[in-house]
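# A look at the structure
For reference, the chains in residue letters:
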Amino acid sequence: MSALKLVVVTAGLSVPSSTRLLADRLVGAAARELGATTGEPGAAAREPGDAGREVDVRVVELRELARDIADNLITGFPPPALRDAVRAVEEADGLIAVTPIFSASYSGLFKSFVDVLGKDALTGTPVLIAATGGTARHSLALEHAMRPLFAHLRAVVVPTAVFAASEDWGANGADGSLAGRIDRAARELAALLAGRPAATRQAEQVVPFEQQLAALRAH
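Residues numbered from 1 in each chain as written. Predicted model: local features only at pLDDT ≥ 70, side-chain atom pairs only at ≥ 80, totals over all residues. Heavy atoms only, no water.

A count of helices and strands for the chain gives seven helices and seven strands. Counted from the first residue to the last, the chain has its helices and strands arranged as β-α-β-α-α-β-β-α-β-α-β-β-α-α. For the chain, with 219 residues in total, the buried portion stands at 46%. In the chain, the share of contacts with a sequence separation of at least 24, taken over all contacts with a separation of at least 6, comes to 73%. Entry remark: accessible area of the chain is about 11400 Å², with carbon and sulfur atoms responsible for 54%. (Helix = DSSP H or I, 4+ residues; strand = E, 2+ residues; numbered from the N terminus. Buried < 20%, exposed > 50% of the residue type's maximum accessible area, 1.4 Å probe, protein only. Contact = heavy atoms within 4.5 Å. Areas by Shrake-Rupley, 256 points an atom, 1.4 Å probe, with all protein chains shown as cover.)

Right, here's the structure in full:
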């Protein structure tokens, strides 16, 4: 059975960032729920004797693509690194999207990346949405901004959205804590991915010009 492709899009601006930290915890929990263990981004591994799905994890750091995203919005032509990131998202079996919250919504960098995706890029793709912010007051941005965004793209968004405020990082593992929300969202994403066949990229069929011309004449 082919490995599941799990892509993590993180829009943190600093290094290190709480946004990336949340993304790493989410992907780790999702991989555990799928019966797999993951190492470095892009690696795939399983415990000996594990009957779960193998997971191939790709992390897309938007901070590193900021100039490429701006160039693409202006020229309409993505540079190679951005083209590769977009292809990874389009071919993903599942997506984890994490952004910092600015002015009660997702970051401009995050939205700009979404704007360069094709309109059908995420149709039917299971998506776990998450965000970070200074206080819990910003948590509603997940429901009034991020969830409608991915619904518009016809993605399948898991019920539990994960928000991490500054004070959440010191909480314990009780059900209502950050750890509890991460585990619950990861279970929901894993449940959607468990029965999903691994994505396969169809080879583009090139029809010779002579055949196209003959077809036009036939009509």
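So, about the pairing of strand β5 (residues 126–133). Within β5, eight of the eight residues are buried, which leaves the element mostly enclosed by the surrounding structure. Neither face of β5 is exposed, since P126, L128, A130 and T132 on one face and V127, I129, A131 and G133 on the opposite face are all buried. The sheet contact formed by strand β3 (residues 94–102) and β5 spans six bridges and is parallel. In the sheet register, A97 faces β5, and the bridge partner there is I129. Note: β5 against strand β6 (residues 156–157), two bridges, orientation parallel. Directly across from P126, in β6, lies its bridge partner V156. Judged from the four bridges that link them, β5 and strand β7 (residues 162–165) form a sheet pairing that is parallel. Its bridge partner lying in β7, A130 is registered against V162. (Pairing = 2+ DSSP bridges.)

It is worth spelling out unusual backbone geometry at this point. The linkage connecting V15 with the following residue, P16, adopts the cis geometry, with an omega of -5°. Position of P16 relative to the elements: it lies in the loop between β1 (4–10) and α1 (18–33). In this structure, A104 is a non-glycine residue whose phi angle is positive, near 65°. Taking relative accessible area as the criterion, A104 reaches 38% and is therefore assigned partly exposed.

Now for the confidence of the model for the chain. With 77% of its residues at a pLDDT of at least 70, the chain reaches an overall mean of 83. Note on residues 200–206: pLDDT under 50 across the span, and two contacts to partners over four residues away in sequence or across chains. (pLDDT = per-residue confidence, 0-100.)

Per the stated rule, a full pass over the model turns up two aromatic pairs. Taken together, the ring pairs in this structure connect Y106, F110 and F150 into an aromatic cluster. (Phe/Tyr/Trp six-rings, centres within 6.5 Å; stacked < 30°, edge-to-face > 60°.)

Here we come to the nonpolar core. Of all hydrophobic cores here, the largest spans 40 residues; its most connected members are V9, L62, F110, F113 and F150. When contributions to this core are tallied by element, the ones reaching two or more residues are β1, α3 (80–90), β3, α4 (108–116), β5, α5 (141–152) and β7. Among the elements that take part in this core, α5 stands out by supplying six residues, more than any other. For L62, the contacting residues outside a window of four places in its chain are V9, T10, A11, I69, L109, F110 and F113. (Core = buried A, V, L, I, M, F, W, Y, C linked by side-chain atoms within 4.5 Å.)

Residues of helix α2 (residues 66–75) that are buried include every one of D68, I69 and N72, and no others. Buried residues of α2 fall within an arc of 100° about the axis and therefore sit on the same side. In α2, the exposed positions that point more than 90 degrees away from the buried face belong to R67 and I74. The inward-facing, buried residues of α2 contact α3 and α4. The first or second residue beyond α2 is G76, which carries a positive phi of 85°. (Arc of directions from axis to C-beta.)

What follows is about the pattern of salt bridges. Within this structure, the stated rule accounts for nine salt bridges. Each of R20, D24 and E61 takes part in salt bridges that share partners, so that together they form one network. (Salt bridge = Lys/Arg side-chain N within 4 Å of Asp/Glu carboxyl O.)

Now for the packing of α1 against helix α6 (residues 178–194). Axis separation between α1 and α6 bottoms out at 8 Å; the angle between their running directions is 50°. Taken together, the axes of α1 and α6 are oblique relative to one another. In this structure, the crossing between α1 and α6 has a hand that is right-handed. Together, L22, R25, L26, A29, A30, R32 and E33 of α1 and L178, A179, I182, D183, A186, R187, L189 and A190 of α6 make up the contact between the two elements. Residues belonging to the contact of α1 with α6 are distributed by class as follows: 10 nonpolar, no polar and five charged. (Axes fitted to C-alpha atoms, helices over the stretch in contact; angles between N-to-C directions. Parallel < 35°, antiparallel > 145°, perpendicular 65-115°, else oblique. Left-handed = near helix turned anticlockwise from the far one by under 90°. Nonpolar A, V, L, I, M, F, W, Y, C, P; charged D, E, K, R; others polar.)

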